[in-house]
Structure formats: structure tokens, C-alpha cells
Amino acid sequence: MRTIDGRAHAAAINMAVTSDVERLRGQGITPRLAVVVPTDDEATAWYVRNIGRAAKRVGIDCVVETMVGADIASIKRRLAALSIDLDVHGIICQTPLPPGLSLAAAGAFIDPAKDVDGANPLSLGRLAAGLDAYAPATAAAVMEILRRENVPMRGARAVVIGRSTVVGKPLALLLIAADATVTVCHSRTVDLPAVAATADILVAAVGRPALVTANYIKPGAIVVDVGTNPTADGGLVGDVDPAGAANAAGLTPVPGGVGPVTTAMLLRATVTATALRSSTD
Ligand code: NAP
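Residues numbered from 1 in each chain as written. Predicted model: local features only at pLDDT ≥ 70, side-chain atom pairs only at ≥ 80, totals over all residues. Heavy atoms only, no water.

(A) Here's a closer look at helix 6 (residues 137-148). Compared with the 16 Å implied by 1.5 Å per residue over 12 residues, the 16 Å span of helix 6 between its first and last C-alpha is a close match. Counted residue by residue, helix 6 has 10 buried out of 12 residues, so it is predominantly covered. Within helix 6, burial applies to Ala137, Thr138, Ala139, Ala140, Ala141, Val142, Met143, Glu144, Ile145 and Leu146. Following helix 6 by one or two positions, Asn150 has its phi on the positive side, about 55°. (Helix = DSSP H or I, 4+ residues; strand = E, 2+ residues; numbered from the N terminus. Expected span 1.5 Å × (residues − 1). Buried < 20%, exposed > 50% of the residue type's maximum accessible area, 1.4 Å probe, protein only.)

Pasting the structure below:
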């Protein structure tokens, strides 16, 4: 079983992004990503700091808009204002959000042209319709890893465990678009291990440590672990028990798998959004 090196893939993506940013800066355009953070959740703060550091390394301006305690109307107004701000090219809205505000409801206030993390329901609809759209960065990261690892997708059986709007559903759409035969599982799936064990490509996006054990994995399968579960000692584990994946062809580790590629995909989408805007200005 090979361990798929997400950090190496992220470094390669970031290298290409850096040269795209240099080109844009040479034209007097600095890509700017706005991150709206309506929470003081520590895991979110850690993730946002990571985005900020990664953005700086590739030359993207990252502006963090902290809105802890803000009411729903103010958050929507801020996203709408950023959407018409000509200096801003990409917008992401971090979760958790205040009670009563779903990410889809907040995302509806992000201009789809700046929706680099695919939060606007229009982006998901466009993906479903086979039109150009920004996919949520995590779903895009899984696809990027599969492509970079030369995993055959056409005709492959893919099983996605998890049906959230941010990971499972958009990923299923992207896999369908890549000609995989896709099954989406969730908490009500009957005999999950047997369904999972049909997969050539198995993606776990649940949020349960070690849910996926050896009996979920077909020998030779590629296993992508999206789950991030904090441990008591301050570490992070995925949804897959690495020992259970011994007969898989490959596994993305946690940490160091999908996470770094997700951040890289966000930055890449920000540069794409900047370049598309500058070509129409
Ligand atoms: P979510 O919204 O909580 O969705 C979890 C999904 O897992 C739901 O569809 C749920 O089913 C399903 N599920 C729960 N328990 C299950 C079980 N025992 N068996 C089968 N399915 C089960 O979570 P999410 O936002 O999609 O995130 C999933 C995981 O990915 C989390 O660990 C999150 O931290 C991580 N994540 C990582 C990244 C990254 O960049 N690496 C980015 C985003 C998320 P129901 O729909 O039936 O409830």
C-alpha cells in the first residue's frame, strides 16, 4: 500500500499558482481572497491561519474578516458587499455559522464568479448541470489527487461515504463527470462495509475516527480519507484505520493527505477567479 503524499501534490499546485500570481502581479493585479469568519472556533482559526500563510507564500493577499457574534443579516450584508468589491477576487465563508444560517443560505450572497469554495447553491447546481463552476475545495482536492495519482476513473466503481453539501454531494457530481460509477452512502446505508468493499475508489467523508476498517476495503482499491477528527492529545486522525488499508493500492494519510491539497485548490481557484475577471475588465 502506498501512502499518497498530499503535501507533495500541494507543493506542485502551489508552484504553478505562484507563477500565475507573478504573471498577474506583473500586470498590476494582485489576487485577493477574503475569508469571512463568523466564529471563534479554535479549529476554524487554525484552518484560517493556514490559508493565510499558504496565500502569503504564493503571493495572494488574504484578508480575514472576523465577525464573531455578528447577526445573520450582517454576515449576509458583508458577503454581498465583498461580492461587489472590485479589489476582492475570491470569497470564502467559514463554518460554523450562527444558528439559523446554513452555509448554503450564506453562500447565496457570494457572487458565483468569486465563489472559490463553491458555497453558493448556484455553483452546486451548475456543477450538476455540467456547467463551469467552482466546486467546494475539498471535493476539488479529492479529484485533483486522483488525477495526479493517475487513478483510472472512467468506468471505475466509486463509493463516497458522506452526503454533505460541502463534500459528499459535489464530489459525487465530479466523479460522475469523470465517468465513474458512483454510489453515495450515509448514516442510513444498509450494510455499509459490503457497499464500500465494491469500490475501486473509496472516499470517506464522515467525521468518525477509524470507521473504515479492513472489511470496507477491496484489495487494490484507492482510499481517500477526507475525515479530520481531533484526538485527545491534540493530533488529527481520519475516518480510515490505516492498518485496515494494508491491502489497498493507496491511502491518503491524515494529516498530510487531502488537507494541504484543499488549501492549494482554494488558492488555485482564487487565481482562476482573478484571471477570469481581469480578462473581462
Ligand atoms: P457532515 O456534514 O457532518 O457529513 C457527514 C456525513 O457522514 C453525513 O452524510 C452523514 O450521514 C455521514 N455519516 C455519519 N455517520 C455515519 C456512519 N456511521 N456511517 C455512514 N455515514 C455516516 O461532515 P462534512 O462537512 O461532510 O465533513 C466530513 C469529514 O470531513 C469531517 O471529519 C470533516 O472535518 C472533514 N473535512 C475535511 C476537509 C479537509 O480539507 N480535509 C474539508 C471538509 C471536511 P447523514 O447524512 O445520514 O447524516
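(B) Summary view of the sheet that holds strand 5 (residues 157-161). One open sheet accounts for six strands, arranged 1-11-8-7-5-6; its pairing is parallel. Each edge of the open sheet is held by one strand with a lone partner, namely strand 1 (2-3) and strand 6 (181-185). (Pairing = 2+ DSSP bridges.)

(C) View of the nonpolar core. In this structure, Ile60, Leu146 and Leu175 are the most contacted members of the largest nonpolar core, which totals 54 residues. Top contributing element to this core by residue count: helix 9 (residues 258-280), with nine residues. Counting 17 residues, the second largest nonpolar core, distinct from the first, contains Leu192, Ile217, Ala248 and Leu251. (Core = buried A, V, L, I, M, F, W, Y, C linked by side-chain atoms within 4.5 Å.)

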